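# What the coordinates show
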Amino acid sequence: MAISVKPIAEPPAAAELHGSPGSPVLAPGHTFTSVTDQISAIVLTRGTTRGWWVGFGISLFFVNVLMVCVTYLIATGIGIWGNNIPVGWGLDILNFVWWIGIGHAGTLISAVLLLFNQSWRTSINRFAEAMTLFAVACAGLYPLLHLGRIWVFYWLLPYPNTMGLWPQFRSALVWDVFAVSTYLTVSLLFWYVGLIPDLATLRDRTQSRVGRVVYGILAMGWRGSARHWLRFDAAYLLLAGIAAPLVVSVHTVVGFDFATSIVPGWHNTIFPPYFVAGAIYSGFAMVLTLAIPLRAAYGLQDFITERHLENMAKVMLATGLMVAYGYVMEVFFGWYSANTFEQYVVENRAIGPYAPAYWALILCNVLVPQLLWIRRIRINPISLWVIAIVANIGMWLERFVIIVTSLHRDYLPSSWAMYYPTVWDWGTFVGSLGLFFFLLFLFIRFLPMISIFEMRELVHRTEEEHDG
Amino acid sequence: MPQIFHPSMNTISRASIFGAVFILAGVGWLLWLLYRSSYYTQVGVVRPQPVEFSHEHHVGGLGIDCRYCHTSVESSSFAGIPPTQICMQCHSQIWADSPKLEAVRASFRTGQSIPWTRVHDLPDYVYFDHSIHISKGVGCIACHGRVDNMPLMWRVETLHMQWCVDCHRDPAPHLRPRDMVFSMSDWPEPTPTVASSAKIANGKLDLVKIRNIASGTNCSVCHR
Amino acid sequence: MSCPNKSPTLVQLAGAPRELPQFWRSLEELAGDPDFAARLAQEFPRHASVWDESVADRRRFLQLMGASLALAGAQGCSSPPPEAIMPYVRQPEGMTPGVPLHFATAMPRSDGAIGVVATSHMGRPTKVEGNSLHPASLGATDAMAQASVLTLYDPDRSQTVARLGVIATWGDLLGAIRGALASAPKGTGVHILSPPSTSPTLARQRAALIAKYPQAKWHSYEPAGRDAARSAAIAALGEDVQPVYRFEAADVVLAIDADFLCAGGGAVRYAHDFMSRRGVESEGAPNRLYAIESAYTPTGAAADHRLRLRPSGMEAFARSLASRIGVPGVDEATPTDGAYAKWLSAVASDLQAHRGRSIVVPGSHLPASVQSLVHAINDALGNVGQTVTFIAPPAGETVDGASALRELTDALNADAVNLLLILDANPVYDAPVALQFGTALRQARLAVHYGLYQDETAELCPWHIPATHYLESWSDARAYDGTAAIVQPLIAPLYEGKTVHEVLSALIDPAPMSSYDLVRATWQEAFGDDFDMRWHAALRDGVIADSQPATITPTLQPSAASGLAPSEADANSDTFELILAPDPSIGDGRCANNGWLQELPKPLTKLTWENAVLMAPADAQRLGIETDDVVRLECNGQSVTAPACIMPGHAEGCVTCYLGYGRTRAGRIGTGLGFNAYMFRPANGGYVARGAKIAKTGKRSELARTQKHHEFEGRNIIHQATVAQFAADPQSVLPAAAHHPLPSLLPDVPYDGFAWGMAIDLSKCMGCNACVIACQAENNIPIVGKEQVVLSREMHWLRLDLYYAGRPEDPEAIHQPMLCQHCEKAPCEVVCPVAATTHSDEGLNEMTYNRCIGTRYCSNNCPYKVRRFNFLQYTDEETPVLKLLRNPEVTVRSRGVMEKCTYCVQRINHARIDAKKSAVESGAPPVIADGSLETACQQACPSEAIVFGDVNDPKSRVAKLKADPRNYGVLSELGTQPRTSYLVRLRNPNPALG
């Protein structure tokens, strides 16, 4: 049946896909059944492993850390953090930007690669999307928490009120509200729509009554009829079309938060593209960080093959180079602008009190990724995993450098000061990490982390290849 | 394999999908209503007072001028709540031993203020100035309504910021000639008193021009 | 932060030691008694206005509730609860509800009162301003006067008569005193200790007391007093006279370790007169100021030439100068290095070139020898009678405080004191350690302490009487030039306080009189027949007409300059001379519990909340000491460990410690801050100790400084030039770019009607901090406490930026008042997501607190970093008495909102409303006369450096200043178009030293 409605894998595309060198995107010898069995088994039959419980427990603990931090924050005020004048934004906005960046790979992989017909994406798009959602959820926390008066956050929204007031639409923060909420909604829809056929599969295969009912409701009466597939493909493509531009727009707007200000080191036209590149870079880094252990833990080497790792590594390398270009340009602008303040920012980043952060960032985001030129490193899960982690750290440092070093010494030397995160800053950060993994663990336990129906399509295509 | 769901689920699911939209919209609408309801704005809600003072009787019946009791309304931001003294000026003779007025006499004896309940209460971060509104010709009636019909006081306006701003953007409809500011009745126009010098805009006295009114809508006009 | 007088439960809260001194035991016993406990509870409100963790813990529950409600959105879903409104029963005459009243009074000080006009909102004094009719004020004030309203409402003020720390009655006390007096009919063994006072009434009562009890002894003593100045006057001029300077008439001024612009009873007037010869609006030729000093002071910063010199070098300098000037009988001190000699001769010739139009000012703490030399120099220069006149000391016959205190101590140790009355003094804290005054005090048969606080001395006195604040008192006081003024109360005493007159009256008069009657009685004979008229005039004007004493023209004693043994400098180079100076913010320690003053950055260190060991960069480098290093300071057998603070421009070979800290019973604000430098005072009462040793301890302790970078990095922030350069080419004092406004992409907004703007003349600003506190008082600005200052979260809307130019050993210091610049193209406005900060059509950059959600984006985007954020609940909304202090015209901000300078928009609105009301009949546009509307900072500024007004009115002062070629905008290249502009700082250096 899948054949009848296969929308994307046109034979020439497939040919070109498999003509290219490198290992296949699906280990040979798989049948529709084997694929379905192996993936759905993780959720349905294999049961809960001890490893899962441990990981889940740890992340649950950090979720509670987050709760404590947030409660104390709301009860006491932003003052529990290290923020001050001049450094009005610290780890709060830093983590927002970092999480939003991570939340880019999902939609990119699903939507853009779908539109570009890259069928190697199929095995990783599902949890990449999930990861995106959870990352954006974590990101969404910070703009709220960083408010001095969180209880009036709704003033950010345009709604008819008794004050006769609107938000101030010139402010990039208002654009953020729209960008992030739109992004969250669309990626949620996209993810869910993609899940529907698999939910149906689970509904049909699960043994427990509860499972049937829950999956049944979520599957929304999917029967896999031709009409269903027709509608599904149309909807999926449409959503992909809608989601694709968002990949660019969201982080562009986040870039505007800084670029539209006059803070030296922020006021910089390169920010939007350079933020997007950085986002994709960190997003793929995070996908790898998660994919490699999962693949090992659940024996998915057949589905997430070296080919996937290598392709993602290539994307990281490419975007990493763009980011590096961004750094070079920042320095160049600083010098070329002949602007005292910009020049000082560059100088201060390189040799100022926060210089270690800057050089660590250069190491993580510019030097280390160069190893990815070497194929043996690209296809070696261990080395790749390490590099991915390094990249994540690097991107975190990048935001630290951008936000803190620009603010702590801006225009008037009289108000220069240092910024030191407090235990509550760190608590909120690790707490958000906890939340992220908490959701992720729930996801891999209760939903198929690899798109079953799309893998079936792959099976078919690989067969085609063998026949032909 | 047995069916999990009854066929009716199809309908239910469709209904729930669309229903969700309406439910959300409904909640929003209810909140919208709540903020404008008299429960929240206290419009038309009579506030009990320690002494049953009737504006209806004193203003409507006896025709006492507002300024007789609210002495500082022309000179201060605060219109002034009459000191017990002012009540006693009359009530030491009239109704000198009415039980209704015992609280007033007690206050005068003991020197303890009468704890009136505020009817028109603005948040502390709003700075309203009576004197300028009066001198620019905004009638008492514009905000306080027909107090000459109020046995006990209540709010006739929401005192929402939106309401303030509406008038500040277009004060003309609420402006009166000086001699009509404290009057409870509608004013016939154009009144000869000002007609001579009056600039006439669409048949009405253009008091905005006459008094050179620039009622600001800067935030700092009310918030500081 | 334990506050001494709290109920035991609170003591435990504050973590007081278990074994409490006798004083506490009695409290604990009493604590059983319920109504006593109740009384305590209501008397000692539970909150420090300083943020500390314990406060956080106690607040947490309520805030959790509040927060959770808020999150549930419940805050919006119930209408505000009905509020009661309490009218007067009988409305006071002449008062209109909602309209503040103003009364002229005076703030008494031992070195001369300053006349003020206090604002009263519905009976609560909330602000003091200068009294333009008063010679010591001319409408301006200093920081201490501005902060005095906070002291009035200080919750730690002592509130009742106390015996052994236990509440007692005035009656009991009178009984005890009368008993003691009965046993000594002639007043034998009756001693009274009080600081010198300028109050004629007190003088009258003192005379009466001595008349009634001939044997009684009156000791006047002041920790940082004028002893040396007095003995110098007697030595050099033969009589106890006090100089009054006329700086407006002086072309050349030499200040010898004298901070005449910011310290002393005449400082406000002197600053005005001196600065009237500087800046754009100056009358006459610019004057020239030479300063030699050890520690950097505002006067040194204002100087055209500054020479740093260790205290022991002062006399040598004065001696050499005297001989150059031609004072007979003085031989030049041993010549020193070239620069010094050059300086000396330049000053000498400059002074001689301006005979009769120059002033040499000595620091009143300098050794008598130096000061008498200065008398001789002024005499030789023919300044006496011209720029320097003499009057009898306003504080009556001043006495040598040190010896007065010694006499008293001896009497105590001789067990010869039956009754000791300590009026408003705190010798246990500030007497030289060698005197052991504390132990001696226990010898007194009956010791009564009278003061605003139950301080260190009160603790050792069995009886305590609460004093009234001057805003609660009837009294009178003389200014630095002797002009008298009536001190009238703005409010009935908040507690059971008594005025000093009432206390003395209880001793003297058979039937104790009220201070009102006492003061009237004093002036009865002076005013004569038309008493009532003149009395009312005095109350109305705040000055008593022609009450200024006649000037005295003393004759210089031949012995003035000769016969003084030259003091030797420390030969030993690894010991230091230790300078003990009153703290620039909290003075001699009397104001230690005033949070505003504690958090006020000290002029040349920007240090708050504590004192430190101030030392020269060279010395610090030699000892490997950096700022924040904890050092061990040893001197006169006393030692202390305290953080060091490097002060650029401090003289080598000496260190400075500010007095007034290390209080043990100041109150919840002032207790336990810094260290008590009085311990190093030599027994002779001097203010320089020799042979101090300094050693690094290796520990560090971060000082709470509000500014840590003092270089302006060549940015367009500060511009300086010389008078000559300006005269040659006015345009040259600013970079060419400053004269051509940048084009802007943003549309130009027309401002018809008012357009408010401010111009600040850097030539006139000396960094006295008056504006900072004035702003704090006017705008309900909270204090945040030391910890928060360390985190750079101070809340001052107006700060004084301090920049150093030149070599760190000998830099120039430039002060720059920095407040919201009210940019016409304001970066903060575009980034606020909720339009909480907006632009008014009069050009104000408005901040609407109740709309702010606290993203802090505006602050990030403010190039001037003048926005302040309530990171925590800084405003103390729980201490009831502090609510009385608030200015009802300004919203009190709570946690989570941004705030900043508003150009005192509340004052603007009042002025505009009044103008509109008066123009309504004519229908003409409202008019606000230039000068009738002043911001709080402008009104307080002694030197009129700050000018505010309507820039659309070409005749306004501010418009004229902005038209001057010296006018520039800070960081104007950003295109912010600030409405606050600055005028280039012009200096008038001596070409000979150029």
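In this text the structure is predicted, and so the values were computed from the model without any measurement.

Here is what the cut-offs are and how they apply
- Residues numbered from 1 in each chain as written.
- Chains lettered and ligands numbered in written order.
- Predicted model: local features only at pLDDT ≥ 70, side-chain atom pairs only at ≥ 80, totals over all residues.
- Heavy atoms only, no water.
- Pairing = 2+ DSSP bridges.
- Helix = DSSP H or I, 4+ residues; strand = E, 2+ residues; numbered from the N terminus.
- Axes fitted to C-alpha atoms, helices over the stretch in contact; angles between N-to-C directions.
- Contact = heavy atoms within 4.5 Å.
- Buried area = accessible area lost by both parts, 1.4 Å probe.
- Salt bridge = Lys/Arg side-chain N within 4 Å of Asp/Glu carboxyl O.
- Polar contact = N/O pair within 3.5 Å; in protein donor to acceptor, adjacent residues only side chain to side chain.
- Nonpolar A, V, L, I, M, F, W, Y, C, P; charged D, E, K, R; others polar.
- Phe/Tyr/Trp six-rings, centres within 6.5 Å; stacked < 30°, edge-to-face > 60°.
- Lys NZ or Arg CZ within 6 Å of the ring centre and 35° of its normal.
- Parallel < 35°, antiparallel > 145°, perpendicular 65-115°, else oblique.
- Left-handed = near helix turned anticlockwise from the far one by under 90°.
- Expected span 1.5 Å × (residues − 1).
- Buried < 20%, exposed > 50% of the residue type's maximum accessible area, 1.4 Å probe, protein only.

### So, the sheet that holds strand β25 (residues 688-700) of chain C
Residues and elements named next belong to chain C. With mixed pairing, 6 strands are arranged side by side around a closed barrel as β20-β24-β21-β23-β22-β25. Each neighbouring strand pair of the sheet contributes to a mean axis angle of 45°, computed without reference to strand direction. Relative to β25, strand β20 (residues 576-582) runs antiparallel, the two sharing 3 bridges. Along β25, the bridge assignment pairs Ile579 with Val688. Set on the sheet, helix α11 (residues 311-325) makes contact with β20, β24 (654-659) and β25; between it and β20 the angle comes to about 90°.

### As for the interface of chain C and chain A
Often, the extent of an interface is quoted as the loss of accessible area on bringing the components together. Each side of the interface is counted separately: chain C has 60 residues, and chain A has 59 residues. Each partner contributes to the roughly 4900 Å² buried at the junction of chain C and chain A, and carbon and sulfur atoms together form 58% of this total. In this structure, the connection of chain C to chain A is made through 2 salt bridges. Here Arg856 of chain C makes a salt bridge to Asp92 of chain A, at a shortest N to O gap of 2.9 Å.

### Concerning the interface of chain B and chain A
Listed by partner, the interface residues are 10 residues for chain B and 14 residues for chain A. Both sides of the chain B and chain A interface together cover about 1100 Å² of buried area, and 68% of this is carbon and sulfur. Run the count over chain B and chain A and you get 0 salt bridges. Remark: the boundary between chain B and chain A carries 1 residue pair in polar contact (both at pLDDT 80 or more). When residues of the side of chain B that touches chain A are traced back to their parent elements, those giving at least two are α1 (8-36) and α9 (161-169) of chain B. Sorting elements by how many residues they give to the side of chain B that touches chain A places α1 of chain B first, with 4 residues. Of the residues contributing to the side of chain B that touches chain A, the split by class is 7 nonpolar, 2 polar and 1 charged.

### Remarks on the packing of aromatic side chains
Tallied over the entire structure, the rule returns 70 aromatic pairs over all chains. Positioned above the aromatic ring of Phe182 of chain B, the side-chain terminus of Arg67 of chain B is 3.7 Å from the ring centre. Lying across the ring of Trp170 of chain C, Lys498 of chain C places its NZ or CZ 4.8 Å from the centre.

### Quick word on the packing of helix α12 (residues 306-336) of chain A against helix α16 (residues 381-408) of chain A
Residues and elements named next belong to chain A. It is at 12 Å that the axes of α12 and α16 come closest, and there the two elements cross at 30°. Comparing their axes, α16 and α12 come out roughly parallel. Where α12 crosses over α16, the two elements pack in a sense that is left-handed. Of the residues in α16, those in contact with Leu309, Ala313, Met316, Val323 and Tyr327 of α12 are Pro381, Leu384, Ile387, Ala388, Ala391 and Glu398. Looking at the contact of α12 with α16, its residues break down into 10 nonpolar, no polar and 1 charged.

### Here we look at the side chain of Asp619 of chain C
Following the sequence through the fold, Asp619 of chain C ends up in helix α22 (residues 617-622). Setting aside anything within four residues of it in sequence, one finds Asp619 of chain C in contact with Phe576, Ala651, Glu652, Gly653 and Cys654 of chain C.

### Description of unusual backbone geometry
Ile85 of chain A connects to Pro86 of chain A through a cis peptide bond whose omega is 20°. Position of Pro86 of chain A relative to the elements: it lies in the loop between α4 (50-76) and α5 (91-102). With a phi close to 50°, Trp95 of chain B is a non-glycine residue in the positive phi region. Residue position: Trp95 of chain B is located in the loop between α5 (84-91) and α6 (102-110). Phi at Asp628 of chain C is positive, roughly 85°, even though this residue is not glycine. Structurally, Asp628 of chain C is set in the loop between α22 and β22 (629-635).

### Overview of helix α3 (residues 32-43) of chain A
For α3 of chain A, built from 12 residues, the straight-helix expectation of 16 Å at 1.5 Å per residue is met to within 8% by its first-to-last C-alpha distance of 17 Å. Here α3 of chain A has its buried residues at Val35, Thr36, Ile39, Ser40, Ala41, Ile42 and Val43 of chain A.

### Considering the packing of α11 of chain C against helix α13 (residues 368-380) of chain C
Residue and element names in this part refer to chain C. Put simply, α11 and α13 touch, their axes get as near as 9 Å, and they point 20° apart. Compared by their axis directions, α11 and α13 come out roughly parallel. Crossing hand, α11 versus α13: left-handed. Across the interface between the two elements, Glu315, Ala318, Arg319, Leu321, Ala322 and Ile325 of α11 pack against Ser369, Val370, Leu373, Ile377 and Ala380 of α13. In terms of residue class, the contact of α11 with α13 is made up of 8 nonpolar, 1 polar and 2 charged.

### Re the pairing of strand β27 (residues 756-761) of chain C
All names here are of chain C. By the criterion of burial, β27 is predominantly enclosed, with 6 of the 6 residues buried. In β27, alternate side chains face the same way, and those of Trp756, Met758 and Ile760 on one face and Gly757, Ala759 and Asp761 on the other are all buried. Bridge count for β27 against strand β34 (residues 946-950) is 5 bridges, and the pairing is antiparallel. Each bridged residue has a counterpart across the sheet, and for Met758 the counterpart in β34 is Phe948. Summarising the sheet, β27 and strand β36 (residues 980-983) pair through 4 bridges and their orientation is parallel. Bridge pairing in β36 places Asp761 opposite Leu983.

### As for the sheet that holds strand β16 (residues 446-451) of chain C
Residue and element names in this part refer to chain C. One open sheet accounts for 7 strands, arranged β6-β5-β17-β16-β15-β7-β8; its pairing is mixed. On the outer flanks of this sheet lie β6 (166-167) and β8 (217-220), each paired with one strand and no other. Two elements, strand β15 (residues 419-423) and β16, share 5 bridges in a ladder whose sense is parallel. Opposite Leu419, over in β16, you have Leu446 as the bridge partner.

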